[in-house]
Amino acid sequence: MFHIQRDSSVPLSEQICREFADRIRTGILANGSRLPSVRELADMLDVSLVTVVQAYRLLEQRGLAKRIHGKGTFVHTTSQPGQGGNNATGTQAYDWQLAVVDYLPRAAVLGIHGRTTSADVPYKLSTASLDPALSSLLFPRDIGQVVQRAMPSLAEYGPVDGLEALRRDVVSYLREFGLTAHPDKILIVNGVQQAIDLAARAFLGPGDVVVVEAPTYPGAIDVFRSRGATIVSIPMDAEGIRLDLLTRQCDQNPPKLVYTMPTFHNPTGIVMSTRRRRQLLELAESCQFLILEDDSFSDCSFMGPPPPPIRSLDKHGHVIYVKGFSKVFAPGCRVAAVSSSGSIHTRLIAAKTVSDLGSPVITQMLVHACLTHPKRRQRVLDIAKAVQRKRDIALEVLSEQAPPGISWTSPQGGYNLWVTLPPHVNTDALLIEALHAGVSFLPGSACYVNENVRHQLRISYAWLDDDALREGVSRLCGVLRSALESTGDHHLPVL
Ligand SMILES: Cc1ncc(COP(=O)(O)O)c(C=O)c1O
C-alpha cells in the first residue's frame with residue numbers, strides 16, 4: 001500500500017512502521033483495522049518476514065498497534081483524531097484497499113489538523129493559519145458586490161495564467177517587498193501548495209535530486225515523494241540552509257531543484273540572511289539548479305521589512321518565486337502567485353494547464369478585492385502586530401510553565417514556534433497524550449525526510465484567540481511536564 005526507499009539510510013522496518021504510523025495517527029487506518037499479515041506484507045513490499053515482524057513490533061512499542069495471537073496485528077490506539085471510535089466491523093469490508101499502492105506517503109500527517117474539529121481538539125496549536133477574526137479585517141465591506149460583479153465571468157473560462165487585473169496588482173504588491181516583475185510573468189495558482197506541485201510535475205521525475213532544508217514544510221515532502229524524486233535534506237544554521245553542505249552535495253550528486261523558505265521558515269522561523277541568499281543564488285548559477293522560493297509568510301513580519309526575496313536578485317531565471325495569499329489574506333480562496341521567467345515560466349503554465357486549466361475566477365476576484373482594499377497596508381500591519389502579540393503570549397506561557405530541559409525559538413515573523421525537547425522524548429507519542437488534554441501540535445518528525453528525529457514539535461500560535469492560546473500552551477506545558485517526569489512510562493517510548 002505504500003512505497004519504501006531501498007537506498008535510504010533509514011532501516012526498512014522503521015520506514016514501514018512510519019508509513020503505518022502516519023496513517024494511523026490521522027485516521028486513514030481506523031482503530032481496529034487489521035493490518036496485512038506478515039507474509040502478505042513481506043510479499044507486497046518484497047522484504048523479509050523479519051523486517052515486517054520488526055516493523056509491527058515498533059508499531060506496538062509506539063502504542064499504535066496490537067498483535068492478537070492467532071488473529072493478526074490490528075490498529076490499536078486510545079486516541080485517533082477525527083474518528084468516532086472503533087469501527088472494526090465497518091472497515092473489514094475495505095481491507096482489500098490496503099493492497100492499493102498510493103503515492104501520498106505523508107499527506108496523512110497534514111491531515112492531523114485538517115480532520116480534527118474544534119469539538120475534538122479545542123486548543124489547536126497545529127494549525128498554521130490566522131485567527132479568522134483577524135483575516136476578515138482584509139475583506140472589503142462590499143464583498144457581496146464583488147461576488148455579484150463576478151457573476152458574468154463565471155459563464156466562461158478564465159485565462160490559464162490568471163486574471164489580468166489580479167496579476168497587475170500582484171506586481172504592485174511584490175514591489176513593496178523589493179521584487180520587480182511583469183504581469184505577463186505572473187502565474188496565479190491555487191495556493192503555494194499547488195505551485196510546489198506544478199514545479200515538481202514540470203521538473204522532477206524519478207531519480208532527480210531535490211534538496212530541502214532540514215527541517216522543512218511537510219507538504220513539500222509529500223509532493224516530491226509522489227514524483228519519485230530523491231529527496232536530500234540539508235541542515236540549517238541561524239542564516240538559513242548550510243551552503244557548505246549544499247556545495248558538497250552539488251559536487252557529489254547535483255540537485256535539479258532546491259526548495260527553500262528563506263523568510264520565516266516553517267517550522268523554525270529562521271530568516272535567511274541577505275548574504276546567504278546571494279550565495280545560494282550564485283551556487284544555483286554555477287551548478288545550474290532551480291531554486292523554488294516559498295514565500296508564505298513575509299507579510300507577517302515583527303521585525304520591519306525582511307530581506308528582499310532571492311528572486312529579486314535573480315538575473316538569469318534560476319528562481320521560481322511563490323507568494324502565498326493564504327497566511328494573512330484568505331486561505332479559503334486558495335490563491336498564490338508565481339514569479340519566474342523564460343521557458344521555466346512557460347513550462348509552469350503548461351503544468352497548470354494540464355492540472356486544472358486555470359484557477360477559479362471568483363476566488364481570484366476576492367483576493368484581488370483584498371489586495372486593493374483601500375486600508376490594506378495598515379490592516380496587514382495591524383494583523384502582523386496582533387500575531388506578534390500572540391507569539392508573545394506563547395513565549396510568556398512557555399517561559400513561565402515549561403519544564404526545564406526544553407528550548408524554543410523566538411521567531412521574528414510567521415506563525416510557528418519550534419520546540420526542542422530532550423532527545424529521549426518522542427513527540428509522536430506525546431501527541432496522543434496532548435490530544436487527550438484537548439491540545440494538538442505538529443510532531444517534528446513530520447518535518448524531516450529520513451532523519452529519525454522525534455524530540456521536536458511545532459506550535460502554531462496564530463490560529464487561536466488570545467485566551468484560548470494561553471490555555472492551550474499552558475495545557476501543553478502540563479503534558480510536557482508529565483512527559484519529562486514519567487520518562488520510561490510505556491506511553492512515552494524511549495527511542
Ligand atoms: C511554508 C508553507 N508553504 C506552503 C503552504 C501551503 O500554503 P497555501 O495555503 O498557500 O497552499 C504552507 C501552509 O501551511 C506553508 O506553511
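Residues numbered from 1 in each chain as written. Predicted model: local features only at pLDDT ≥ 70, side-chain atom pairs only at ≥ 80, totals over all residues. Heavy atoms only, no water.

### Side note on the overall build of the protein
So, step 1. A count of helices and strands for the protein gives 17 helices and 16 strands.
So, step 2. In terms of overall dimensions, the protein is globule-like: its C-alpha atoms have a radius of gyration of 23 Å, near the 23 Å expected for 495 residues.
So, step 3. The C-alpha extent of the protein, read off along each of the three principal axes, is 65 × 50 × 50 Å.
So, step 4. Buried residues in the protein amount to 57% of all 495 residues.
So, step 5. Residue pairs in contact within the protein that sit at least 24 positions apart in sequence constitute 74% of those at least 6 positions apart.
So, step 6. In the form shown here, the protein has an accessible surface area of approximately 20300 Å², with 53% of it arising from carbon and sulfur atoms. (Helix = DSSP H or I, 4+ residues; strand = E, 2+ residues; numbered from the N terminus. Rg over C-alpha atoms; globule rule 2.2 N^0.38 Å. Buried < 20%, exposed > 50% of the residue type's maximum accessible area, 1.4 Å probe, protein only. Contact = heavy atoms within 4.5 Å. Areas by Shrake-Rupley, 256 points an atom, 1.4 Å probe, with all protein chains shown as cover.)

### Details of the site of the ligand
So, step 1. Around the ligand, the surrounding shell consists of G191, V192, Q193, Y217, M261, N266, D294, S296, F297, S326, K327 and R334.
So, step 2. One nitrogen or oxygen atom from the side chain of N266 is found 2.8 Å from an oxygen atom belonging to the ligand.
So, step 3. One of the side-chain nitrogen or oxygen atoms of S326 is found 2.7 Å away from an oxygen atom of the ligand.
So, step 4. Expressed as a share of its isolated accessible area of 400 Å², the protein-covered part of the ligand is 90%.
So, step 5. In terms of residue count, helix α9 (residues 191–203) provides more of the shell around the ligand than any other element does, three residues in total.
So, step 6. Its residues assigned to classes, the shell around the ligand shows four nonpolar, five polar and three charged. (Near = heavy atom within 4 Å. Polar contact = N/O pair within 3.5 Å; in protein donor to acceptor, adjacent residues only side chain to side chain. Nonpolar A, V, L, I, M, F, W, Y, C, P; charged D, E, K, R; others polar.)

### Points about helix α2 (residues 38–45)
Residues separated by three or four positions in an α-helix point in the same direction, a consequence of the helix having 3.6 residues per turn.
So, step 1. For α2, the set of buried residues is L41, A42 and L45. Viewed along the axis of α2, the buried residues span an arc of 100 degrees, placing them on a single side of the element. Exposed residues lying more than 90 degrees from the buried face of α2 are R39 and D43.
So, step 2. Looking one or two residues beyond α2, the residue adopting positive phi is D46, at roughly 55 degrees. (Arc of directions from axis to C-beta.)

### Structural notes on helix α14 (residues 361–371)
So, step 1. In terms of burial, α14 is largely enclosed, as eight of its 11 residues are buried.
So, step 2. Among the residues making up α14, those that are buried are V361, T363, Q364, L366, V367, A369, C370 and L371.

### Digging into unusual backbone geometry
So, step 1. In this chain, A214 is followed by P215 through a cis amide linkage whose omega measures 5 degrees.
So, step 2. Look at the link from N266 to P267: it is a cis peptide, with omega at 20 degrees.
So, step 3. Relative to the helices and strands, P267 resides in the loop between β8 (257–260) and α12 (274–287).
So, step 4. If you check the backbone angles, F264 has positive phi at about 55 degrees while not being a glycine.
So, step 5. By the element assignment, F264 lies in the loop between β8 and α12.
So, step 6. According to the relative accessible area criterion, F264 is buried, its value standing at 1%.

### Section: the pairing of strand β1 (residues 65–68)
Residues in a regular strand project their side chains so that they alternate between the two faces of the sheet.
So, step 1. Sheet topology places β1 next to strand β2 (residues 72–75); four bridges connect them, and they run antiparallel. Each bridged residue has a counterpart across the sheet, and for A65 the counterpart in β2 is V75. (Pairing = 2+ DSSP bridges.)

### Some thoughts on the packing of α9 against helix α13 (residues 342–356)
So, step 1. Between α9 and α13, the least distance of the axes is 9 Å, while the angle of their chain directions is 105 degrees. For the element pair α9 / α13, the angle class is roughly perpendicular. Contacts from Q194, L198, A199, R201, A202 and F203 in α9 reach I344, R347, L348, A351, K352, V354, S355 and D356 in α13.
So, step 2. Across the contact of α9 with α13, the residue classes break down as eight nonpolar, two polar and four charged. (Axes fitted to C-alpha atoms, helices over the stretch in contact; angles between N-to-C directions. Parallel < 35°, antiparallel > 145°, perpendicular 65-115°, else oblique.)

### Regarding the pattern of salt bridges
So, step 1. Inspection of the entire model under this criterion finds 26 salt bridges.
So, step 2. R276 is paired through a salt bridge with E239; the nearest N and O atoms lie 3.7 Å apart. Taken as a pair, R276 in helix α12 and E239 in the loop between β6 (230–237) and β7 (240–241) lie far apart in primary sequence, 37 residues in all.
So, step 3. The exposure class of R276 is buried, given its relative accessible area of 7%. (Salt bridge = Lys/Arg side-chain N within 4 Å of Asp/Glu carboxyl O.)

### Re the packing of α2 against helix α3 (residues 49–61)
So, step 1. At a closest axis distance of 9 Å, the pairing of α2 and α3 adopts a crossing angle of 115 degrees. As for the relative orientation of α2 and α3, their crossing is right-handed in sense. Between α2 and α3, the contacting residues are V38, R39, L41 and A42 on the first element and L49, V52, V53 and Y56 on the second.
So, step 2. Of the residues assigned to the contact of α2 with α3, the class counts are seven nonpolar, no polar and one charged. (Left-handed = near helix turned anticlockwise from the far one by under 90°.)

### Description of the side chain of D314
So, step 1. Note on placement: D314 falls in the loop between β9 (290–295) and β10 (319–324).
So, step 2. The class of D314 is buried, set by a relative accessible area of 11%.
So, step 3. Side chain to side chain, D314 and R311 meet in a polar contact 2.9 Å long.
So, step 4. Within the structure, D314 has its side chain in polar contact with the backbone nitrogen of V319 (distance 3.0 Å).
So, step 5. Setting aside residues no more than four positions away along its own chain, D314 makes contact with L281 and V319.

### Focus: the pairing of strand β5 (residues 209–214)
So, step 1. Within β5, six of the six residues are buried, leaving the element largely enclosed by the surrounding structure.
So, step 2. Where β5 meets β6, six bridges bridge the pair, whose relative direction is parallel. Counterpart to V212 in the pairing with β6 is S233.
So, step 3. In this fold, the crossover linking β5 to β6 by way of helix α10 (residues 218–226) has right-handed handedness.
So, step 4. For β5 and β8, the ladder comprises three bridges, and the chain directions are parallel. Bridging across to β8, V212 finds its partner in Y259. (Right-handed = clockwise from strand over helix to strand, strands pointing away.)

### Brief notes about the confidence of the model for the protein
So, step 1. Looking at the protein as a whole, its pLDDT mean stands at 89, while 90% of the residues score no less than 70.
So, step 2. Segment residues 488–495 is flagged for pLDDT under 50; beyond a separation of four residues in sequence, or across chains, it makes 18 contacts in the model. (pLDDT = per-residue confidence, 0-100.)

### Considering the sheet that holds β6
So, step 1. Read across the open sheet, the eight strands follow the order β4-β11-β10-β9-β8-β5-β6-β7; overall the sheet is mixed. Each having just a single partner strand, β4 (186–189) and β7 make up the two edges of the open sheet.
So, step 2. Lying on the sheet, helix α8 (residues 164–175) is in contact with β4, β10 and β11 (336–339); it crosses β4 at an angle near 110 degrees.
So, step 3. Against the sheet, α12 makes contact with β6, β7, β8, β9 and β10, and its axis sits at roughly 150 degrees relative to β9, the strand it touches most.

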